[in-house]
Amino acid sequence: MSTDVDHCAVHTASLLLLIVSLQVIAANCSVAAEAGTRAANTALCESCHGANGEGDPEAGVPVLAGQSADYLEKQLRDYENGTRDNPIMRNFAKGLSDSERAQLSRYYASLPAPGPHAVQVAAVDQRQWARGQQLAHQGAEAERVQGCNNCHGPDGSGLPHSAPYLAGQSAKYLANALKSWQQGTRKNDSGQLMVSVAKQLSADDIAAVSDYFSSLKVAKN
Amino acid sequence: MTQRLKEVDVVVIGVGMVGSIVAKELAAAGYKVVGLERGQARFTVPEFQSPAIHDELRFDIRKALMQDNTREPVTFRNHGSETALPVRRWESFLPGTGLGGSMVHWNGQTYRFQANDFQLATRTRERYGRNFLDPDLTIQDWGVTYQELEPYYDRFEYLLGTSGKAGNIKGKIHPGGDPHESPRSREYPTPPMKEHFQGAMFRKAATNLGYHPFPQPSSNLSQPYTNPEGIKLNTCVFCGFCERYACEHFAKAVPQTIILPVLLANPNFELRTGCQVQRINLDSAKKQATGVTYIDAAGREFEQPASLVITSSFAINNVRMLLLSGIGKPYDPASGKGVVGRNYAYQTMSTVASFFDEDVIINPFMASGASGTLINDFAGDNFDHSGLGFIGGAFIGAVNTNGRPIQYHPVPPGTPAWGKGWKQAVVKHYNHTVMFSLHGSSVSQRQNYLDLDPTYRDAWGQPLLRMTFDFPQNDLKMAEYVTSKGVEIGKATGAKQVAGSPRRAPYTVTQYQTTHNTGGTVMGSDPSTSVVNRYLQSWDVPNVFVIGASAYPQNASWNPTGTLGALTYWTIDALKNKYLKNPSALVSA
């Protein structure tokens, strides 16, 4: 199942079925585990994001493992309040209490981030990869976008609390995220920073920068 | 051998904030404009990107963005009886160089001066009597009023996208803004920045004492903005690397983010970098400029003829250019005669540090160049000076811009200056101290001035500028008084210990204060006390305009850039609508 809103890999009908069944799971779950250990309700997340938060890159389901806890918690809140508009995630987020959100976020933040994904440097177009690297490291004057790493950290390794890591993330997820900033279905950053950046990017640039980050390993802190 | 180039309509000396705005307007009006910039071309991408731009050693300590003082320093002395020596390392003030000028490394603090400031001599006499002023002070009216400049302030703020909260729109006071400000025609283009914790503490304390706190007007923007030139700026991320650095986010209003893309796209404009202008050339009668002579980066000398010359360098360099070119009579402090170099003034900076217990977490690094909270209750003439023995004042604010590790380490008085005791104090207080700045006015006085140094020369063989300056008694008294008010606010925050540091003499060039150097080519209505008329046109050579903070007859309680932007557009209007239609003196001497 694909989680990001705009480009689901799953047909709407089966998606609805899945949502209904997951809501049933959510209703029957209780949260007992401590932060950093496997929370009981991770079953909800695991069905799409994988047993170890590794995501499903081909389907555009993001990696959660090792992501900033503050960032994850904010996303769960924003799915509920609609500033990050995603019908699937909204349903899950609605069922969560404050403490459940915090626990889940800390749990996934504590998992080791995975290595690089299926998209390898050798497999992508070298010119496209170089453009992605340029956008990541220094941005583009003509498009008036700053380098991604200014906020997302060296080689996209993330700058907690608010800037998630991008390195090793699903390329499909990253591209969908940029498109959702562009289209206004995601507007949950203060100051509309990502909105203004994404609006300056062409479809080719989105593909280039998404593939580039996807090809990188997450830097260990 | 000097190569003579084809004549152009306009030469602009220095392509910083003023130069790029003037060049843009005149090129758009159809004139052929050449911009001569001594430094390098540079842009947000790639030059301003992090992590390189966040190198505190390179930019803060080694002053990478500043005028190269191995080639072109200034000399300094406190008093005329001393021998001035070259300033080999910038500390007190930081003149920039390169495309975009000093604005590239500014903090974005974008104030207006008050109506009173432009008629300071007249208003002071009216309110306090003829004998109130120290006879050594040479303060004077500007020859232009706030009301005249208001539309140009407005235009400049909308060019920058300044984030703020108006306190007075057309005479109506708006809560949350500065009630002391002179009326503005409309609200700021973008809403104020988020208030940091220090600002919130200051706001609460100042409010409890009956003062009127308001958010600092910031040209690091609170939200995306498209300016009237059609250029998009982004949102500030509060990284705390504004002043002395360039912004990687397209979030700070600098020429690269507000005007250069339009200017550089105009075929009527030609930018030449690495060009060191030696002098403005005059005709044999010294009544008309014929162009400029410059040396390029390869050491070749060129003459660029032009019908109109605009000097738009950093304030003190405007003064030097006139002195090197023989335009206007140099000031002589002994006789008080002459005008070029006269009325050099600065800014009188004091601080208040409030120290808290370790359970009060300040996070000083969560800041931007202009994200503070301040009061104007003790600025300018906003309070009664009767019996105080001074004029002027200071804004008081929690306007700290950063918590950078090499330079920011507040410690209480009595802390050892180095060693283990100092290190322990830095660790103890770094995250538990609130700093207030007291940003004070600076009066001009007879003994403070700029001229050419008789001994030292630059890399091209030209005499250096010599600065003679010490703090006037007026300003020291002002600093003492306003600092006592700042200390009261510090105490009202509940701090455990409050240390006020009023500015004391002598002035030193080895400690950073501000880069708000003003005067030396002052504007006015009397050629015997001013270098340029109210349109910043030279009284002596009418096809030379001198635009810069060098035009200020004295300095007010606020950062000078907003007023310089207003004067720039004011002058552009005079150029386009008056001078260029009939090139001659706009005001008869």
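It should be emphasised that the depicted structure is a prediction, and the values quoted were computed from it without experimental measurement.

The rules we used
Residues numbered from 1 in each chain as written. Chains lettered and ligands numbered in written order. Predicted model: local features only at pLDDT ≥ 70, side-chain atom pairs only at ≥ 80, totals over all residues. Heavy atoms only, no water. Domains from an automatic or database assignment. Contact = heavy atoms within 4.5 Å. Salt bridge = Lys/Arg side-chain N within 4 Å of Asp/Glu carboxyl O. Polar contact = N/O pair within 3.5 Å; in protein donor to acceptor, adjacent residues only side chain to side chain. Nonpolar A, V, L, I, M, F, W, Y, C, P; charged D, E, K, R; others polar. Buried area = accessible area lost by both parts, 1.4 Å probe. Helix = DSSP H or I, 4+ residues; strand = E, 2+ residues; numbered from the N terminus. Buried < 20%, exposed > 50% of the residue type's maximum accessible area, 1.4 Å probe, protein only. Pairing = 2+ DSSP bridges. Axes fitted to C-alpha atoms, helices over the stretch in contact; angles between N-to-C directions. Parallel < 35°, antiparallel > 145°, perpendicular 65-115°, else oblique. Left-handed = near helix turned anticlockwise from the far one by under 90°. pLDDT = per-residue confidence, 0-100.

A. Examining the domain arrangement of chain A more closely. Residues and elements named next belong to chain A. Looking at chain A, the domain boundaries give domain 1 (2-109) and domain 2 (121-214). If you look at the interface, domain 1 gives 25 residues, while domain 2 gives 19 residues. Where domain 1 meets domain 2, there are zero salt bridges. Inspection of the domain 1/domain 2 interface yields 15 residue pairs in polar contact (both at pLDDT 80 or more). Looking at the side of domain 1 that touches domain 2, its residues break down into ten nonpolar, seven polar and eight charged.

B. Looking closely at the interface of chain A and chain B. Contacts between chain A and chain B engage 18 residues on the former and 21 residues on the latter. Contact between chain A and chain B buries roughly 1500 Å² in total, counting both sides, with carbon and sulfur atoms accounting for 49%. The largest contributions to the chain A side of the interface with chain B come from E141, R144 and N150 of chain A, which together make up 43% of the buried area. On inspection of chain A and its partner chain B, the count reaches zero salt bridges. Counting the contacts that link chain A with chain B gives ten residue pairs in polar contact (both at pLDDT 80 or more). Those elements that provide at least two residues to the side of chain A that touches chain B are α7 (149-152) and α9 (193-199) of chain A. If one sorts the elements of the side of chain A that touches chain B by residue count, α9 of chain A sits on top with three residues. Considered class by class, the residues forming the side of chain A that touches chain B number five nonpolar, eleven polar and two charged.

C. A look at the environment of S484 of chain B. All names here are of chain B. Among the structural elements, S484 can be located in helix α11 (residues 473-492). Once the C-alpha coordinates of S484 and D117 are considered, the two residues, 367 residues apart in sequence, prove to be 23 Å apart. Within polar-contact distance, the side chain of S484 engages the backbone oxygen of Y481 at 2.5 Å.

D. Main features of the pairing of strand β18 (residues 433-440) of chain B. Residue and element names in this part refer to chain B. Across the eight residues that make up β18, a large majority, seven, are buried. Sheet topology places strand β15 (residues 348-355) next to β18; eight bridges connect them, and they run antiparallel. Across the sheet, the residue bridging to T348 is G440, located in β18.

E. Region of the structure containing the packing of helix α8 (residues 171-183) of chain A against helix α10 (residues 203-214) of chain A. Residue and element names in this part refer to chain A. Between α8 and α10, the least distance of the axes is 8 Å, while the angle of their chain directions is 140 degrees. Accordingly, the angle class assigned to the pair α8 and α10 is oblique. You can see that α8 and α10 cross each other, and the crossing is right-handed. Along the contact surface, α8 presents A171, L174, A175, L178, K179 and Q182, while α10 presents I206, V209, S210, D211, F213 and S214. Residues that form the contact of α8 with α10 fall into these classes: seven nonpolar, three polar and two charged.

F. Structural context of the confidence of the model for chain A. All names here are of chain A. With 75% of its residues at a pLDDT of 70 or more, chain A has an overall mean of 81. At the level of individual helices and strands, chain A shows its lowest average pLDDT in helix α1 (residues 12-28), which scores 39, and its highest in α8, which scores 97. Taken together, the stretch residues 1-36 has pLDDT below 50 and engages in 66 contacts with residues farther than four places along the chain or on a different chain. The low-confidence segment residues 117-121, where pLDDT is below 50, has 14 contacts with residues more than four positions distant or belonging to other chains.

G. A look at the pairing of strand β4 (residues 74-77) of chain B. All names here are of chain B. The alternating pattern of β4 places V74 and F76 and T75 and R77 on opposite faces, both of which are buried. As defined by bridge partners, β4 adjoins strand β20 (residues 463-468) across four bridges and the pair is classed as parallel. Note on β20: the bridge partner recorded for R77 is T468. As defined by bridge partners, β4 adjoins strand β5 (residues 85-86) across two bridges and the pair is classed as antiparallel. The partner of F76 across the bridge, within β5, is L85.

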